[in-house]
Each structure stands twice: as structure tokens, then as C-alpha cells.
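Architecture at a glance
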Amino acid sequence: FFVGHMSSWSASFTSLEAVCKRRYQLKDIALEFFLSSGEAHLVVFSDVSTRTQIISTLTRANVPSQVKSANLPVTTKLWRQGHLTNFQYLMELNRLSGRTLNDLMQYPVFPWVLADYTSPHLNLTIPDTFRSLRKPIAVQKEGSCARYRQNYNILAADGSGLGGLMGPYHYASHYSNTGIVLHFLVRLPPFTGEFIKFQDGNFDLPDRSFHKLATSWLMASEVSASDVKELIPQLFYLPELFVNKEGFNLGRRQNGEEVSDVEMPEWSKDPRTFVKIHRQALESPLVRQELSHWIDLVFGYKQTGQEAVDAVNVFHPATYPTNQTQEMDELEAMARQTMIETYGQTPLQLFSSVHPLPLADLVRQERSNSPPPLPVVGTVTGMTWGSYVGAPGMPA
């Protein structure tokens, strides 16, 4: 039975499927409880020793310390062989790296996959439709690496960064944090209330809000040096996040347009259609072939060290757990804690070498599949029907 400042929670030992160690604000002081009912609860303790005592009690009660599927080599093998979808594999990698839906600062992170939000017709069979998964989101445009490398070199030369203790970086912000998650989910209670609290009692400035997919892509991939956000899983399955069903007053942009529902690309007639297209884009052969490179950046060997520097993939040092051991005075420690609570947290590194590619034969097979007998969506090339009774091309 756990009692916190704002709530309490209890569960019997027999209802616990597993209990996993978790970080909270880059400190190893939390546990995530997975119940057989499918629930999950994140409990944060005051210190490591208290958590250790709880783990000892759970161990004596034979509560597993990891969920049944928590085997990275096996999970990767299943994905390479085509037994896991890209979505499933990314969710597993997020969980294995300590990301959880119970902590907005460590929310599961997904990649932008599409780069075309302005054309009247979308073609999922050509590379130009997709973002480069070999590069961080901020350097998608040719030649854009220069300004971030310059930023890194300037900081490296003068030792800037909290007394020179924290090191140089390419980006002063992060691809995943509380603000980013709430930015996407602002139209959905209870995230609406959390967003207003995060913004000190207000909605965000209308022009800065999540109001149009094409604008969000352009800001993250090209225009803004401080907006380097990736996506969250819900953009691939939850159309409701695009709809202002509650009728919130999100304000008017400087051009006079009212912010309400998120504006869809021309090739998608409504949010439900967009989610279907977006999910198929994530599962497309072109993304499957390239996804390993994005995993190298976010969960793998290009996350830290010289490989990260070469890949223009170094974020503010306050987002890495390995940078939290330096001795600092009280003022510096307070500044660092504020950064940790605001900037975001880099996932635990899962791979120390190049992530293996999917089996080539499976990718070739996916690419060679014949086009569907009837178009799925008239404005999109490359979509396929599901395998169900009565689907076009399937037995009735």
C-alpha cells in the first residue's frame, strides 16, 4: 500500500505481473508496477535505499523483476523476422529503455516518418515522401547541419554550460519532454488541465500551438532551432487528439484564424483517415528498411560519444543521466535540477553497436506485393487493405 502527497494506491502481490526499476528526473528512485489487469503504476520514492527495501520485499514474495517480453535480443530478432510490426517494436524499445506512459518526461518517443504534408496526393512508394531516418529531425534540410555544428564547436571552445561542467551540445532543447507531449495532447482531458498548469494557467500562444501538421513538421525539421520534437505514439492510432471536441478556446493566430481542430494535409479528408495513412506509412517497406538508423540515434550507439558528435546528435547535457555526477555548488545544483525538470530525458542506451537491419528478403517481399484491386484512399498511392474476410482481394 503506497501513500503519496496527492493519492494512494494498493495492490496484492498476486495481482503483480512484474515490477521494474525506473528513473525519475534522471535519478534511480522509482518503480513501475505492472498488473495482470493491464494497469501500470509508477511509484517514486524519496531515495534509493527506500526503493531497495521495497524491491527486497517484492523479491521475497516472488514478484518478477521484469515483464515476460523484456528480452532485447529476442525482441529484435522477432522484428527482423517480421513477427513484430514497427509500431510494436518501437513500443517495446521505449519500455525497455525506461520510457513509460506514466511519466510525461519519459514518454514513449516515435519518429516523424512523413515529410510531405502539403501535396494533394501522397505516394508511399517513393523515398521523397519520407523524412530521413538517418538524421536527427532538426537536420532534415540539406546543409542545415552547419549551424548546429557551429554551436557545438563554440561551446566546446569556451567551456560554456553551467560553469563549464556539462559540456558542449548541438541542441539546447530535446526531442521529447513534458511540454512536447502536452503540446500534442492539449485537446484531450485530462492532458488539457496538465497543459494549462504547465503553461502557468493559460493555453499556449495560438501561433505556437499544435494547429496544423504541415506547420509542425516545418518547424521541427527546418525552421526552428529550438523546436526539435519527435512524435508520440498516439499520432499513429488516436484521431481524437486532432479534434477540439470539448470546444476549448485556443485563441486566434496573428492571421486572424481561430485555432480549433488540427488542420489535416490535403491528402487526408479527416483525422481518422490521417491516422490510417500515418500508421501504414510507419509500417511501409521504406520505413522498415531505414528504421534501424533512427534507433541508432535514439536508443543506440549514436546516442553518446564521438558517434553522437559526428551524427549531429548531442543534446543538452542535463538530459543525460551520465552527466549528473559532477560536484556543484547550491546555485549550480538548483539550475541543473530546473533543467532536468524542463528539458527532457534521453532514453537509456539499449545498443552499443549498429542496430541490425530487417531481413532483406522480407523487405523485398513487402515491396513486390501487387497493388490492391481497389484503391484504399484515392489521394494516397501505396496503401493496402487489411487481411480480413470481405476485404478486396480476399475471399468473401
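Predicted, not measured: the structure shown is a model, and the values here were computed from it.

Side note on the pattern of salt bridges
In the structure shown here, the tally under the stated rule is 12 salt bridges. The shortest N-O distance in the salt bridge between Glu194 and Lys197 comes to 3.1 Å. Taken together, the residues span about one helical turn, with Glu194 and Lys197 both in helix α6 (residues 191-198) at a distance of 3 residues. Taking the relative accessible area as the measure of exposure, Glu194 reaches 35% and is therefore partly exposed. Put simply, Asp207, Arg253 and Glu257 are held in one network by salt bridges that share partners.

With respect to the packing of helix α2 (residues 72-80) against helix α3 (residues 86-96)
Where α2 contacts α3, the two axes come as close as 10 Å, and the packing angle between them is 165°. Taken together, α2 and α3 sit at an angle that is classed as roughly antiparallel. Crossing handedness for the pair α2 and α3: left-handed. For the pair formed by α2 and α3, the contact residues are Leu72, Thr75, Thr76 and Trp79 on the first element and Asn86, Tyr89, Glu92, Leu93 and Leu96 on the second. Taken together, the residues that form the contact of α2 with α3 break down as 5 nonpolar, 3 polar and 1 charged.

Structural notes on helix α8 (residues 271-282)
Helical geometry note: an α-helix holds 3.6 residues per turn, so side chains three or four residues apart project in the same direction. Taking 1.5 Å as the rise per residue, α8 with 12 residues should run 16 Å; its terminal C-alpha atoms sit 16 Å apart, in good agreement. Buried within α8 are the following residues: Pro271, Thr273, Phe274, Val275, Ile277, His278, Ala281 and Leu282. Packing partners of the buried residues in α8 comprise α3, β6 (122-123), α7 (213-223), α9 (285-298) and β7 (380-381). N-cap assignment for α8: the residue whose side-chain oxygen lies 3.2 Å from the backbone N of Arg272 is Asp270.

Observations regarding the pairing of strand β3 (residues 16-24)
Bridging between β3 and strand β4 (residues 27-35) involves 7 bridges; their strand directions are antiparallel. Each residue of the ladder has a partner; that of Val19, found in β4, is Phe33. What sits between β3 and β4 in their antiparallel hairpin is a turn of 2 residues, with Gln25 showing a positive phi close to 50°.

Focus on the packing of aromatic side chains
Under the counting rule described, the total for this entry stands at 17 aromatic pairs. Measuring from ring centre to ring centre gives 5.4 Å for Phe242 and Phe274, while their planes differ by 80°; the resulting arrangement is edge-to-face. Linking Phe242 in the loop between α7 and α8 with Phe274 in helix α8, this pair joins segments that are 32 residues apart in sequence. Phe274 matches Phe242 in its accessibility class, with the two residues each being buried. A network of ring pairs unites the aromatic residues Trp112, Tyr117, Phe184, Phe210, Trp217, Phe242, Trp267 and Phe274 as a single cluster. Arg279 extends its terminal NZ or CZ atom over the ring of Phe87, reaching a point 4.0 Å from the ring centre.

Calculation notes
Residues numbered from 1 in each chain as written. Predicted model: local features only at pLDDT ≥ 70, side-chain atom pairs only at ≥ 80, totals over all residues. Heavy atoms only, no water. Salt bridge = Lys/Arg side-chain N within 4 Å of Asp/Glu carboxyl O. Helix = DSSP H or I, 4+ residues; strand = E, 2+ residues; numbered from the N terminus. Buried < 20%, exposed > 50% of the residue type's maximum accessible area, 1.4 Å probe, protein only. Axes fitted to C-alpha atoms, helices over the stretch in contact; angles between N-to-C directions. Parallel < 35°, antiparallel > 145°, perpendicular 65-115°, else oblique. Left-handed = near helix turned anticlockwise from the far one by under 90°. Contact = heavy atoms within 4.5 Å. Nonpolar A, V, L, I, M, F, W, Y, C, P; charged D, E, K, R; others polar. Expected span 1.5 Å × (residues − 1). Polar contact = N/O pair within 3.5 Å; in protein donor to acceptor, adjacent residues only side chain to side chain. Pairing = 2+ DSSP bridges. Phe/Tyr/Trp six-rings, centres within 6.5 Å; stacked < 30°, edge-to-face > 60°. Lys NZ or Arg CZ within 6 Å of the ring centre and 35° of its normal.

Honestly, it's all geometry; don't read function into it.
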